[in-house]
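Okay, here's what each chain looks like letter by letter:
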Amino acid sequence: MTVSRDPSSGALAGLRVVDASTLFAGPMAAMHLGDMGADVVKVEHPSRPDPSRTHGAAKDGVNLWWKTLGRNKRTVTADLGSEGGREVFLALAAESDVVVENFRPGTLERWGLGYDELSERNPGLVLARVSGFGQIGPYRTRPGFGTLAEAMSGFAAMTGEPDGPPTLPPFGLADGVASLATAFAVMVALSARAGTGRGQVVDTAIIEPILAVLGPQITRWDQLGTVQPRTGNRSSNNAPRNTYRTGDGHWVAVSTSAQSIAERVVRLVGRPDLVDEPWFARGADRARHADELDEAVGGWIARRTRDEVVAAFEEAQAAVAPVYDASDIVADPQFRELGTVHEVEDPELGPMLMQGPLFRLSENDGVVRFTGRPHGADTDEVLGELGFAPERIAELRERGEV
């Protein structure tokens, strides 16, 4: 659907964010801030653009992931390791509220762009540093990617079938979670600045935020000496909980985290007798009888179409959801009503659909103002705003520093 909102009304309008990060947690954090109205300036190397510009699918040679990840960002080029690039970055940071970077720890300091230098010119600056393993510790200088975080956080160990290997997600899960944590941390630091006038450094290690969404695995190990096993689509905490194939070849997911829902499900599928079983009263006990419950629920679902299953579950007030792909999401009336999918005009490819901001506000709502822009498209404009004369910009470009 087309979503029309006033781009100047964003809650973060007036906030300037410098995005000097790449692949993917840092840029995504900056995207979240841009969605809420911040003026985000994306800084890339003049000859080595953000690798996300070539990541994934493309249409007519135009990368599609960048159109979302780079949205609401003006694009500038600067070689931060050069004297001219350093000059540009210092000027930009001096006029900004937030800098997001994900170079290996020590890189900014080597270029003379550490927090000491940046905060000397701008004491209120918040520097968000996103790295695989954080700014301290024995692994700090290792290359770090979301895949490594998914492995080290415990996610892969608990994901997959019981007799199968640890399983990694087919998308940047750890990066996405880290992006949310970074955006939140930036807002916390800005809130603190409102009282003190001082900025500070945010240190996001991609291996950490994903731990927060994986439940009490550490506490369980500490208190019980056990780790969560791989259970596939099942849960060790309740049953029935699985994906089930419908009679017309689709899939649905069923959850029974609440006891009342579990009872409604088995009554719906014609097995009210199961409610009277002594093991049915607790989720963990039901999980030990998952084979029997899956047979009952799966058999009933397999004899009906997806629409029939969803309608019956809805009437019974039981919890079910169709397993969607992107085409289903775009067509779904709930997503349509929420305004989840935005239609945005792109100068290169025309109208395109993409997911919108993470949430809605009753005032100052977020908006996708424009899609990801070409490499360096706004260099002259942004440097001009910083006071660089056209002749100076031309000189820096001639030297390959912007």
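Going by the structure above, here's the rest.
Procedures and definitions
Along each chain, the written sequence defines residue order, and numbers are assigned to residues from 1. The predicted nature of this model means local features are confined to residues of pLDDT at least 70 and side-chain atom pairs, given and counted, to a pLDDT of 80 or more, with totals for whole chains, interfaces and linings taken over all residues. The side-chain quantities take in all heavy atoms of the structure and omit both hydrogens and water. Categorising residues by exposure relies on relative accessible area from a 1.4 Å probe, with only protein chains included: less than 20% of the type maximum marks a residue as buried, more than 50% marks it as exposed, and the intermediate range marks it as partly exposed. A run of DSSP states H or I qualifies as a helix once it reaches four residues; a run of E qualifies as a strand once it reaches two. Both are numbered from the N-terminal end. One speaks of a salt bridge when a side-chain nitrogen belonging to Lys or Arg is within 4 Å of a carboxyl oxygen belonging to Asp or Glu. Note on pairing: DSSP must find at least two bridges between two strands before they are called paired. An axis is simply a line fitted to the C-alpha atoms; with a helix, the fit covers only the stretch in contact. Between two such axes, the angle follows the N-to-C directions and lies from 0 to 180 degrees. Residue contacts are counted whenever heavy atoms from the two residues lie within 4.5 Å of one another. We place a 1 Å grid over just the protein atoms. Points where a 1.4 Å probe fits but has no way out form a cavity, open points with protein on both sides within 12 Å along at least 5 of 7 lines form a pocket, and any residue with an atom within 4 Å of a point lines it. Grid points are joined across faces, edges and corners, and a volume is the space filled by probe spheres set on the points. Basically, the charged four are Asp, Glu, Lys and Arg, the nonpolar ten are Ala, Val, Leu, Ile, Met, Phe, Trp, Tyr, Cys and Pro, and anything else, Gly included, counts as polar.

Q: Looking at this structure, I do not really get helix 10 (residues 217-224). What am I missing?
A: Note on helix geometry: an α-helix contains 3.6 residues per turn, so any two residues three or four positions apart are oriented the same way. Counting buried residues along helix 10, only zero of its eight residues qualify, which leaves the element largely exposed. Once helix 10 ends, the next one or two residues include G225, with phi positive near 70 degrees.

Q: Would you explain the pattern of salt bridges in this entry?
A: Oppositely charged side chains can pair when the atoms bearing their charge come close. Summed over all chains, the structure comprises 29 salt bridges. One salt bridge in this structure joins R392 and E87, with 2.4 Å as the shortest N-O distance. Taken together, the residues span a long stretch of sequence, with R392 in helix 18 (residues 390-398) and E87 in helix 3 (residues 83-94) at a distance of 305 residues. R392 gets classed as partly exposed once you look at its relative accessible area, which sits at 23%. If you follow the salt bridges from partner to partner, you end up with R16, D39, R74, E381 and E385 in one network.

Q: Could you clarify how one ought to interpret the sheet that holds strand 9 (residues 242-245) in this entry?
A: Strand pairing within a sheet occurs via backbone hydrogen bonds; the two strands may be parallel or antiparallel. The three strands lie next to each other as 9-10-11, forming an open sheet whose pairing is antiparallel. Lying at the two open borders of the sheet, with one neighbouring strand each, are strand 9 and strand 11 (320-322). Sheet twist, expressed as the mean angle between neighbouring strand axes with direction ignored, is 30 degrees. Pairing geometry for strand 9 and strand 10 (residues 251-254), over four bridges, is antiparallel. The residue bridging N242 from the neighbouring strand is V254, located in strand 10. Helix 14 (residues 306-315) rests against strand 10 and strand 11 of the sheet, and its axis sits at about 155 degrees to strand 11.

Q: Whenever I open this one, the layout of surface pockets confuses me. Can you help?
A: Left-over empty space is what a probe sized like a water molecule reveals as it rolls over the atoms. Taken as a whole, the largest pocket holds about 1200 Å³ of empty space. Lining the largest pocket are 41 residues, with M28, W65, F171, G172 and Q355 sitting closest to its centre. Listing elements by their share of the lining of the largest pocket, those giving two or more residues are helix 1 (25-35), helix 2 (65-69), helix 6 (146-152), helix 8 (173-196), helix 15 (326-331) and strand 13 (350-355). Sort the elements by how many residues they give to the lining of the largest pocket and helix 8 lands first, with six residues. A per-class count over the lining of the largest pocket returns 25 nonpolar, 11 polar and five charged. Considered as a void within the structure, the second largest pocket measures approximately 730 Å³ in volume.

Q: Explain the pairing of strand 5 (residues 73-77) to me, please; I cannot follow it from the model alone.
A: One face of the sheet, then the other: side chains in a regular strand alternate in exactly this way. Of all the five residues making up strand 5, five are buried; the element is thus mostly covered by neighbouring parts of the structure. Side chains of strand 5 alternate between two faces, with K73, T75 and T77 and R74 and V76 buried alike. Of the pairings in the sheet, the one linking strand 2 (residues 39-44) to strand 5 comprises five bridges and is parallel in character. Bridge assignment links E44 to a residue of strand 5, and that residue is T77.

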